[in-house]
Amino acid sequence: MLITNNFESHARKLLSPELSLAQKQQLVTEMRDSIEIVHTSEYGNFLRHLFPAFYRLLSEGQPQFTEGPEQKIRNMLLEVLNRLPNNETLRPHVQSMLSLCMKLLDTDNEENAVICLRIIFDLHKNFRPTLEREVQPFLDFVERIYRGLPKTVALLFSEPRGGDGAGGDKGPGGLPTTREAR
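All figures in this text were calculated on a predicted structure; none of them were measured in a lab.

### A few points about the overall build of the chain
Reasoning step 1: Summing up its helical and strand segments, the chain has 8 helices and 0 strands in all.
Reasoning step 2: The 182 residues of the chain split such that 41% are buried.
Reasoning step 3: Summarising the internal contacts of the chain: among those between residues at least 6 apart in sequence, 70% fall at separations of at least 24.
Reasoning step 4: When the accessible area of the chain is evaluated, it comes to approximately 9800 Å², of which 54% is carbon and sulfur surface.

### Observations concerning the packing of helix α1 (residues 7–15) against helix α3 (residues 43–60)
Reasoning step 1: Interhelical geometry of α1 versus α3 gives an angle of 5° and a closest axis separation of 8 Å. In terms of orientation, α1 lies roughly parallel with respect to α3. Contact residues: Phe7, Glu8, His10, Ala11, Leu14 and Leu15 in α1; Asn45, Phe46, His49, Leu50, Ala53, Phe54, Arg56 and Leu57 in α3.
Reasoning step 2: Of the residues contributing to the contact of α1 with α3, the split by class is 9 nonpolar, 3 polar and 2 charged.

### A look at helix α2 (residues 21–33)
Reasoning step 1: Helix length check: α2 (13 residues) gives 18 Å between terminal C-alpha atoms against 18 Å at 1.5 Å per residue, within 8%.
Reasoning step 2: For α2, the full list of buried residues reads Lys24, Leu27, Val28, Met31 and Arg32. Viewed along the axis of α2, the buried residues span an arc of 140°, placing them on a single side of the element. Of the exposed residues in α2, the ones pointing more than 90 degrees away from its buried face are Ala22 and Gln26.
Reasoning step 3: In this structure, the buried side of α2 is in contact with α1, α3 and α4 (69–83).

### Points about the confidence of the model for the chain
Reasoning step 1: With 84% of its residues at a pLDDT of at least 70, the chain reaches an overall mean of 86.
Reasoning step 2: The element-level mean pLDDT for the chain is lowest in helix α7 (residues 135–147), coming to 83, with α4 highest at 97.

### A few points about the layout of surface pockets
Reasoning step 1: In this structure, the second largest pocket spans a volume of roughly 240 Å³.
Reasoning step 2: Every residue lining the second largest pocket is listed: Leu15, Leu21, Lys24, Arg56, Leu57, Glu60, Gly61, Gln62, Gln64, Glu70, Ile73 and Arg74.
Reasoning step 3: Residue classes in the lining of the second largest pocket are distributed as 4 nonpolar, 3 polar and 5 charged.

### Remarks on the nonpolar core
Reasoning step 1: Ranked by size, the top nonpolar core spans 45 residues in total, and within it Phe46, Phe54, Leu81, Leu84, Leu90, Met97 and Leu123 carry the most contacts.
Reasoning step 2: Within the residue set of this core, elements represented by two or more residues are α1, α2, α3, α4, α5 (94–107), α6 (110–126) and α7.
Reasoning step 3: Ranked by the residues each element gives to this core, the list is headed by α3, at 9 residues.
Reasoning step 4: Excluding its chain neighbours within four sequence positions, the residues that come into contact with leucine 84 are Ile35, Val38, Tyr43, Phe46, Leu47, Leu90 and Met97.

### A short note on empty space enclosed by the protein
Reasoning step 1: In the structure shown here, the tally under the stated rule is 1 cavity of 30 Å³ or more.
Reasoning step 2: The computed volume of the largest cavity comes to approximately 40 Å³.
Reasoning step 3: Forming the boundary of the largest cavity are Leu81, Asn82, Leu84, Asn86, Leu90, Met97, Ile119, Asp122 and Leu123.
Reasoning step 4: The set of elements that each furnish at least two residues to the lining of the largest cavity consists of α4 and α6.
Reasoning step 5: Broken down by element, the lining of the largest cavity gets its largest block of residues, 3 residues, from α6.
Reasoning step 6: In terms of residue class, the lining of the largest cavity is built from 6 nonpolar, 2 polar and 1 charged.

### Observations concerning the packing of aromatic side chains
Reasoning step 1: Summed over the entire model, instances satisfying the criterion amount to 4 aromatic pairs.
Reasoning step 2: Judged by centre distance (5.6 Å) and plane angle (90°), the rings of phenylalanine 7 and phenylalanine 46 are edge-to-face. Placement of the pair is phenylalanine 7 in helix α1 and phenylalanine 46 in helix α3, with a sequence separation of 39 residues.
Reasoning step 3: Judged by relative accessible area, which is 1%, phenylalanine 7 ranks as buried.
Reasoning step 4: Ring centres of phenylalanine 121 and phenylalanine 138 lie 5.7 Å apart, and the angle between their planes is 85°; on these two criteria the pair is classed as edge-to-face. Of this pair, phenylalanine 121 sits in helix α6 while phenylalanine 138 sits in helix α7; the two residues are 17 residues apart in sequence, bridging distant segments of the chain.
Reasoning step 5: On the basis of relative accessibility, which here comes to 48%, the residue phenylalanine 121 falls in the partly exposed class.
Reasoning step 6: Feature note: the residues Phe7, Phe46 and Phe54 constitute an aromatic cluster, connected by ring pairs.

What counts, and where the lines are drawn
- Residues numbered from 1 in each chain as written.
- Predicted model: local features only at pLDDT ≥ 70, side-chain atom pairs only at ≥ 80, totals over all residues.
- Heavy atoms only, no water.
- Helix = DSSP H or I, 4+ residues; strand = E, 2+ residues; numbered from the N terminus.
- Buried < 20%, exposed > 50% of the residue type's maximum accessible area, 1.4 Å probe, protein only.
- Contact = heavy atoms within 4.5 Å.
- Areas by Shrake-Rupley, 256 points an atom, 1.4 Å probe, with all protein chains shown as cover.
- Axes fitted to C-alpha atoms, helices over the stretch in contact; angles between N-to-C directions.
- Parallel < 35°, antiparallel > 145°, perpendicular 65-115°, else oblique.
- Nonpolar A, V, L, I, M, F, W, Y, C, P; charged D, E, K, R; others polar.
- Expected span 1.5 Å × (residues − 1).
- Arc of directions from axis to C-beta.
- pLDDT = per-residue confidence, 0-100.
- 1 Å grid on protein atoms, 1.4 Å probe; cavity = no way out; pocket = protein on both sides within 12 Å on 5 of 7 lines; lining within 4 Å.
- Points joined across faces, edges and corners; volume = space filled by probe spheres on them.
- Core = buried A, V, L, I, M, F, W, Y, C linked by side-chain atoms within 4.5 Å.
- Phe/Tyr/Trp six-rings, centres within 6.5 Å; stacked < 30°, edge-to-face > 60°.

Below, the structure is given as structure tokens:
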């Protein structure tokens, strides 16, 4: 159980290079399972200590295109960010969260990109005036995806090449990454 006075300690552990992937996954699972803490007065402390750790792990870590502990950790961190209440306590972190999600949307696998899209939509919906300047980069991303749609369709429905189904690097479920769709 995530103890409220241990946020700083949990953040240090999460960023510790000595922590094994299994231990890191267990810690992130504990945080995800204790997400109700964000609906208490401890939400500000949770964000102050853990958001920078989440940001660092997601921005500095490598996108994963196969199932494994690293992918599970990245996915659970994004799940936690997606479940955060969009209120005034989150406001100081909104710009960083949006920038992170835009970066991950462009580089990460489809499963994580879908969660990033949910976060982006929620942030724009709840903090619209603050994020007005950030609408165009998102629309540019959507335009790139649509421009790449014919290539993606051809890639998915082409004749099998070399026994891998449709050729090219695939994300989880055999679908192309968001980067491939351009």
